[in-house]
Amino acid sequence: MLENERQAAVDVVRSVVTICRSVQGELAPGRWDKEDRSPVTVADLAVQAVVSGVLQDRFPQDPLMAEEGAAELRLPSWSDLLSKVTEHVRSVAPNVVDQERVLNWIERGQQPIDPERRYWVLDPVDGTKGFLRKEQYAIALALIERGEVLLGVLACPNLPPHLGDRLSPDADELTGQMYVAVRGEGAECLPLPRAGGSPASAPVHVTRESTPANLYWCERVEASSKNQDLTSQVVEQAGITNPPFRIDSQAKYAVVARGEAALYLRHTLDPDYREKVWDHAAGVLVMEEAGGRVTDLFGRPLDFSQGRQLSRNRGIVATNGMIHERVLAAVEELLPRS
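Residue numbers run consecutively from 1 along every chain, following the written order of its sequence. Local features in a predicted model are, by the rule used here, given only for residues with pLDDT of at least 70; side-chain atom pairs are given and counted only at 80 or more, and totals for whole chains, interfaces and linings are based on all residues. With hydrogens and water set aside, each side-chain value is computed from the structure's full complement of heavy atoms.

1. A short note on the overall build of the protein chain
Step number 1: Note on conventions: DSSP H or I runs of at least 4 residues are helices, E runs of at least 2 residues are strands, and numbering of each starts at the N terminus. The secondary structure content of the protein chain amounts to 9 helices and 14 strands.
Step number 2: When accessible area is computed with a 1.4 Å probe and restricted to protein chains, residues below 20% of their type maximum are described as buried, those above 50% as exposed, and intermediate ones as partly exposed. When each of the 338 residues of the protein chain is scored for burial, the buried share is 54%.
Step number 3: Long-range contacts, defined as pairs at least 24 residues apart, comprise 69% of the intrachain contacts of the protein chain with a sequence gap of at least 6.
Step number 4: The accessible surface values rely on the Shrake-Rupley method and a 1.4 Å probe; as for residues, cover is taken only from the protein chains in view. Per element, the accessible surface of the protein chain, about 14,400 Å² overall, is 47% carbon and sulfur. Two residues form a contact once any of their heavy atoms are found within 4.5 Å.

Structure below.
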């Protein structure tokens with residue numbers, strides 16, 4: 001099932017990892033601030049252009065929902081940035097010579113989405129702050145139909161096979177991991193080598209450990225102290241005493257999916273905030289197919305049929321399944337509903 005889509009997604013995500021590594025390897029990666037002041041890099045736009053172009057060619061009937069737009073790049077004052085983006089696109093698509101084509105590929109990510117149709121969802125560089133720190137980030141691509149995530153590809157180029165390992169940025173060895181899931185078919189890991197080649201994949205599974213004191217958990221690197229304090233209270237209430245792995249991006253889903261942690265909790269004290277679809281779709285499927293469970297803070301399934309946001313959900317509880325009810329009970333006791 002979905003073999004053509006799976007292979008196309010794996011191939012294009014693997015190809016754009018080289019763009020991210022190239023940009024991240026620069027001493028000062030090209031960046032500017034969007035209107036909401038969050039950082040975005042040349043890599044975001046180049047990755048989105050390449051993935052969009054491949055999907056348009058392979059699956060022309062499928063729309064794309066993606067994070068970035070190209071409005072700023074069309075301004076004369078951004079011509080140097082457009083040239084840099086185009087240069088990186090050409091590094092993996094050498095026949096692309098038309099900057100207008102690059103702009104149009106990026107803009108495809110902003111097209112209207114019919115939730116009754118099949119469509120792709122892309123976060124070209126999830127965890128941009130981690131990317132800029134040369135730490136953890138992810139490239140997340142998913143396929144959704146009628147609100148159900150069918151396929152998820154999650155590339156984590158700086159994530160070692162085990163969190164205790166250290167990756168050398170200059171090493172010609174296996175570095176980074178790609179996680180792939182097709183609904184109903186399980187999840188697998190494909191190492192991301194720097195020196196080429198396609199190493200064999202291996203299945204991934206969440207930990208079946210259910211004793212909270214033996215478990216680890218993940219949280220964001222950057223969060224308000226109030227958010228982190230409240231998260232720590234929930235974790236303590238659930239009986240987990242080990243310190244967190246602080247990791248940027250959907251790489252947290254990967255760490256839970258492969259069994260190194262058993263919990264990823266995401267919430268905000270802003271009752272009106274809703275999560276973005278591209279921040280979770282690929283990671284959620286990888287975790288679920290690895291045997292985990294993902295809901296919102298109140299135990300509701302995530303509803304991916306509401307456009308660009310998870311507007312019917314609040315927050316994220318992602319666990320190995322064994323401790324899910326225990327965590328939800330702690331959330332209900334400690335987190336406000338309004």
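2. Concerning the sheet that holds strand β12 (residues 263-266)
Step number 1: For two strands to pair, DSSP has to find at least two bridges joining them. With mixed pairing, 5 strands are arranged side by side in an open sheet as β11-β10-β12-β14-β13. Only two strands of the sheet have a single neighbouring strand rather than two, namely β11 (244-246) and β13 (293-295). Averaged over all pairs of adjacent strands, the angle between strand axes in this sheet comes to 20°, irrespective of strand direction.
Step number 2: With 2 bridges connecting them, strand β10 (residues 217-219) and β12 associate as parallel partners. Note that in β12 the partner of Trp217 across the bridge is Leu263.
Step number 3: In the packing of helix α8 (residues 281-289) onto the sheet, contacts are made with β13 and β14 (316-319), and the angle to β13 comes to roughly 140°. The angle between two axes is taken between their N-to-C directions and runs from 0 to 180 degrees, where each axis is a line fitted to C-alpha atoms and a helix contributes only its stretch in contact.

3. Overview of the packing of aromatic side chains
Step number 1: Aromatic pairs are defined between Phe, Tyr and Trp rings, using the six-membered ring for Trp, whenever the two ring centres lie within 6.5 Å; interplanar angles under 30 degrees are classed as stacked, those over 60 as edge-to-face, and all others as tilted. Counted by the stated rule, this structure contains 4 aromatic pairs.
Step number 2: Measuring from centroid to centroid gives 4.8 Å for Phe131 and Tyr137, while their planes differ by 90°, and the two rings are edge-to-face. In this structure, Phe131 and Tyr137 share a single accessibility class: buried.
Step number 3: Their ring planes at 25° and their centres at 5.4 Å tell us that Tyr216 and Phe245 sit as a pair that is stacked. Here Phe245 lies in strand β11 and Tyr216 lies in the loop between β9 (202-203) and β10, a separation of 29 residues in the sequence.
Step number 4: Overall, the relative accessible area of 33% leaves Tyr216 in the partly exposed class.
Step number 5: Using a relative accessible area of 23% as the deciding quantity, one classes Phe245 as partly exposed.

Don't take any of this as a statement about function, it's just geometry.
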